[in-house]
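Residues per chain are reported as follows:
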Amino acid sequence: MSYKPLTKAVLPVAGLGTRFLPATKAIPKEMLTVVDKPLIQYIVHEAAEAGITDIILVTHSSKGAIENHFDKHYELETELALRGKQERLLPLREITPEGVRLVSVRQPEALGLGHAILCASPVIAEDEPFAVLLPDVLMHHPQKGCLAQMVDTYQKLHTSVVALEEVPDDQVEKYGIAEVQGPDLRITRLVEKPKVNEAPSNLSVVGRYIFTPRLMSLLKHTQPGAGGEIQLTDAMDALLQEEVMFGFEFKGGKSYDCGDKHGYLQANVEYALRDAKLGDTFREYLMSLDLQAR
Ligand code: UTP
């Protein structure tokens, strides 16, 4: 298999975000904030840390706020500079990481995650590997981002690499679960939302992928599956028939499924507790709450 370094990442942001209605009626789900930054900004920074230079947003006409967020806002910057508010300017200038370009392609209709990724095919060469990061999954790691760790594996093995995370038995039914072999976690099968007694492992697929170019050509021939949508899992199954694929077990950090209200609230509390400026006072506030009384 020919090997090329990984420079492109696809971020699908064209979904409807129905689990967060009414909040997501006029605001894209990916723009919901965790402490003081929208979800999508954390993801773009995780990609940049992994050496990604080209980010492809697969977006929809209702999601213009995402592109605006990464665009320069001259009036606001000029106004802040005139008022001498340098400390407020800095966070604005850090939104888009140095050396990263963002381009957008449209997914006119939310026809599934697989379809969204396929919409990025015109800007990914046929021999190019690419990463996919789901913007509603935050992956916190105190030392090194999840995608950056996966890139290390990709550079060694030159195969597709899929992030996996151990979940408790009672959560298995909510996720895609991988059957793996050996200490290298070679993936042999993927099972969508299995019953716990039928699950091949406790390792769930968590929203970070590095794919060889072959995945895109397989997606082009993937028929609509569950829910009438073009499913990424179906294309990954087809890839498994042709190529070796490895799991990367995300350890020493924590993932937050921010597409779900509980995961989103957890992320806000835990990112606030870790925040250098807010953490101490927020911890004191939480400790002062009489939780029994609520
Ligand atoms: P989700 O299924 O979690 O997002 O897809 P959703 O469909 O927007 O949310 P709910 O279930 O209705 O609440 C994961 C990511 O894939 C994108 C979404 O925007 C989200 O960031 N996605 C999903 C697309 O871009 N296109 C699709 O057709 C489906």
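This text gives an overview of the structure that appears in the document. Treat the numbers as computed from the prediction; the structure is a model and nothing was measured.

So, how was this worked out
Residues numbered from 1 in each chain as written. Predicted model: local features only at pLDDT ≥ 70, side-chain atom pairs only at ≥ 80, totals over all residues. Heavy atoms only, no water. Helix = DSSP H or I, 4+ residues; strand = E, 2+ residues; numbered from the N terminus. Rg over C-alpha atoms; globule rule 2.2 N^0.38 Å. Buried < 20%, exposed > 50% of the residue type's maximum accessible area, 1.4 Å probe, protein only. Contact = heavy atoms within 4.5 Å. Areas by Shrake-Rupley, 256 points an atom, 1.4 Å probe, with all protein chains shown as cover. Lys, Arg positive; Asp, Glu negative; His and termini not counted. Charge placed at Lys NZ, Arg CZ, Asp CG, Glu CD. 1 Å grid on protein atoms, 1.4 Å probe; cavity = no way out; pocket = protein on both sides within 12 Å on 5 of 7 lines; lining within 4 Å. Points joined across faces, edges and corners; volume = space filled by probe spheres on them. Nonpolar A, V, L, I, M, F, W, Y, C, P; charged D, E, K, R; others polar. Salt bridge = Lys/Arg side-chain N within 4 Å of Asp/Glu carboxyl O. Near = heavy atom within 4 Å. Polar contact = N/O pair within 3.5 Å; in protein donor to acceptor, adjacent residues only side chain to side chain. Phe/Tyr/Trp six-rings, centres within 6.5 Å; stacked < 30°, edge-to-face > 60°. Lys NZ or Arg CZ within 6 Å of the ring centre and 35° of its normal.

Quick look at the overall build of the protein now. Along the backbone of the protein there are 10 helices and 13 strands. What you see for the protein is a C-alpha radius of gyration of 20 Å, in line with the 19 Å of a compact globule of 294 residues. For the protein, the spread of C-alpha atoms along the principal axes amounts to about 60 × 50 × 35 Å. Within the protein, buried positions represent 47% of all 294 residues. Intrachain contacts of the protein at a sequence separation of at least 6 include 73% that bridge at least 24 residues. For the protein, the exposed surface amounts to about 15500 Å²; the carbon and sulfur share of it is 52%. Averaging the locations of the 31 positively and 41 negatively charged side chains of the protein gives two centres separated by 3 Å.

Of the voids in this model, the second largest pocket is the one considered here, and its volume is about 970 Å³. Along the walls of the second largest pocket sit 29 residues, with Asp36, Lys37, Gln41, Tyr42 and Asp275 positioned nearest its centre. Looking at the lining of the second largest pocket, the elements that each hand over two or more residues are β3 (37–38), α1 (39–49), α4 (86–93), β7 (137–140) and α9 (261–274). Broken down by element, the residue count for the lining of the second largest pocket peaks at 6 residues, all from α1. Among the residues making up the lining of the second largest pocket, the classes are represented as 11 nonpolar, 6 polar and 12 charged.

As enumerated under the stated definition, the model contains 17 salt bridges in all. Taking the shortest distance from any N to any O, the salt bridge between Lys63 and Glu30 comes out at 2.9 Å. Separated by 33 residues along the polypeptide, Lys63 in the loop between β4 (54–59) and α2 (64–69) and Glu30 in the loop between β1 (8–12) and β2 (33–34) bring together distant segments of the chain. When its relative accessible area of 4% is taken as the criterion, Glu30 is described as buried. A salt bridge links Lys144 to Asp152, with the shortest nitrogen-to-oxygen separation between them at 2.7 Å. Owing to a relative accessible area of 32%, Lys144 belongs among the partly exposed residues under this scheme. The class for Asp152 is partly exposed, based on a relative accessible area of 35%. Through salt bridges with shared partners, a single network forms among Lys72, Glu77 and Arg93.

Taken together, 18 residues lie around the ligand, and Ala14, Gly17, Thr18, Arg19 and Gln107 are the ones closest in. Within the backbone of Ala14, one N or O atom sits 2.8 Å away from an oxygen atom of the ligand. At a separation of 2.8 Å, an oxygen atom of the ligand approaches a polar backbone atom of Gly15. When isolated, the ligand has an accessible area of 570 Å², and the protein chains bury 84% of it. For the shell around the ligand, the per-class residue count stands at 9 nonpolar, 5 polar and 4 charged.

This part takes up the packing of aromatic side chains. Scanning the entire structure with this criterion turns up 6 aromatic pairs. Ring centres of Phe20 and Tyr264 lie 5.3 Å apart, and the angle between their planes is 80 degrees; this geometry places the pair in the edge-to-face category. Of this pair, Phe20 sits in the loop between β1 and β2 while Tyr264 sits in helix α9, and the two are 244 residues apart along the sequence. Of the two residues examined, Phe20 and Tyr264, each falls in the buried class. Counting every residue linked through ring pairs, the aromatic cluster contains Tyr42, Tyr256 and Tyr271. Positioned above the aromatic ring of Tyr271, the side-chain terminus of Arg274 is 5.1 Å from the ring centre.

The step from Leu21 to Pro22 runs through a cis peptide bond, and the omega angle for that step is 5 degrees. Phi is positive for Val35, which is not a glycine, with a value near 60 degrees. Along the chain, Val35 turns up in the loop between β2 and β3. For Lys193, which is not a glycine, the phi torsion comes out positive at approximately 45 degrees. By the element assignment, Lys193 lies in the loop between β10 (186–192) and β11 (203–211).

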